[in-house]
Amino acid sequence: MTDVAYYPGCSLHGTSREFDESLRAVAAELGIGLTEIDDWNCCGASSGHTTDHLLGVALPARNLALAEAQGYDTVVAPCAACYNRLSAARLALATEDGLAEQMPEIIGHRFANSVDVHNAVELLRDASVTIEEKVADTLAPNPLEGVKLAAYYGCLLVRPFEVCGYDDPEQPTSMDEVINACGADDVDWDMKVECCGGAFSVSRTASVLRLGRAIIENARSHGAEAIIVACPLCHSNLDLRQKAMAQRGEEPMPILFVTQMVGLALGLAPVDLGLSRHFVDTEPLIARLVQRAADRVVAEKLAKEEAAAKAAARAEKQKVGAAAASGGAQGGEAP
């Protein structure tokens, strides 16, 4: 089992508990041990680093120092904002003169800046072969097989490149790879790295609605049945704000965390993935996909039975033909 330090951050203990629940459930299935960092603190996103650079580095650095002291060399931070802040702190400490030397006194811990930071998409992409194998071994039909899903990265998972660096900042593919590992089809669409409005959800709600509508409409126009995300704020903006869109008669689009998608492919129960907590009801989508999977199994069974019957008929025909030919040959022999 791979064992990594787990930094849930504020959102996964609060408004995005389903991200935490689904990550823990999926990690257990994949043999990944997640150990929550003891005594972790808020990483400062987004107010901390916008008000004071030193504070913006020290807050995430303390969490990295704690993980380091607890014996880990890798931290998984599922929240895109937390991941970005922890990664940005690592970069700042490695490149800014004199900054690393100040940290021990500020955070109260020795710190060698030796811990790597990964997000949930990286974790799952690196486990994609295991996901494929587990999905293939699942007894129940895979409800995601052939389903078109839109991977939405947003701003903070892949940008800026010098902070993130694990994927192309304009044409990322890591989440698409996870979608494919689950048996689903990733859609090629135009808005996968566009901003959802981020922290303007309260101060500029109209702008967030406009941006969210554009993202959802583009995903739908390219055939997606759901949008896959790995950011609590993106999920909130795209999921919560659809209530306002629905008032205008617009069809809702389910927004799933990438961990929830993987969990469904692995055959985990929706309740264990927190799917009931969404504002856009996910039950119709799941019911539709489950029924489609069941219909596919029946169709495949009928196709195999028909193929077997045709093969048997051909064999019988060849047998009869061979017997007739043999009989004719014997009848034509001279006495």
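Residues numbered from 1 in each chain as written. Predicted model: local features only at pLDDT ≥ 70, side-chain atom pairs only at ≥ 80, totals over all residues. Heavy atoms only, no water.

Draft legend 1. Representation of the environment of Ser 16 in the model. Here Ser 16 is to be found in the loop between helix H1 (9-12) and helix H2 (17-30). Considered as a pair, Ser 16 and Cys 79 are 63 residues apart in the sequence and their alpha carbons are 9.3 Å apart. (Helix = DSSP H or I, 4+ residues; strand = E, 2+ residues; numbered from the N terminus.)

Draft legend 2. Structural detail: the domain arrangement of the chain. Along its sequence, the chain is carved into domain 1 (2-120) and domain 2 (122-291). For domain 1 and domain 2, the distance between their C-alpha centroids amounts to 23 Å. Here domain 1 packs against domain 2, burying approximately 2600 Å² in sum over the two surfaces, 66% of which is carbon and sulfur. Of the charged contacts in the structure, one is a salt bridge between Glu 21 and Arg 277, with a shortest N-O distance of 2.6 Å. The set of elements that each furnish at least two residues to the side of domain 1 that touches domain 2 consists of H1, H2, helix H5 (80-95) and strand E4 (116-118). (Domains from an automatic or database assignment. Buried area = accessible area lost by both parts, 1.4 Å probe. Salt bridge = Lys/Arg side-chain N within 4 Å of Asp/Glu carboxyl O.)

Draft legend 3. Geometry of the nonpolar core. Within the largest apolar cluster, 102 residues are counted, with the highest numbers of intra-cluster contacts made by Ile 227 and Met 261. Top element by residues in this core is H5. It accounts for 9 residues. Taken together, domain 1 (2-120) and domain 2 (122-291) each give at least three residues to this core, which thus spans both. Setting aside residues up to four positions removed in sequence, Met 261 forms contacts with Leu 144, Leu 149, Val 178, Ile 179, Cys 182 and Ile 228. (Core = buried A, V, L, I, M, F, W, Y, C linked by side-chain atoms within 4.5 Å. Buried < 20%, exposed > 50% of the residue type's maximum accessible area, 1.4 Å probe, protein only. Contact = heavy atoms within 4.5 Å.)

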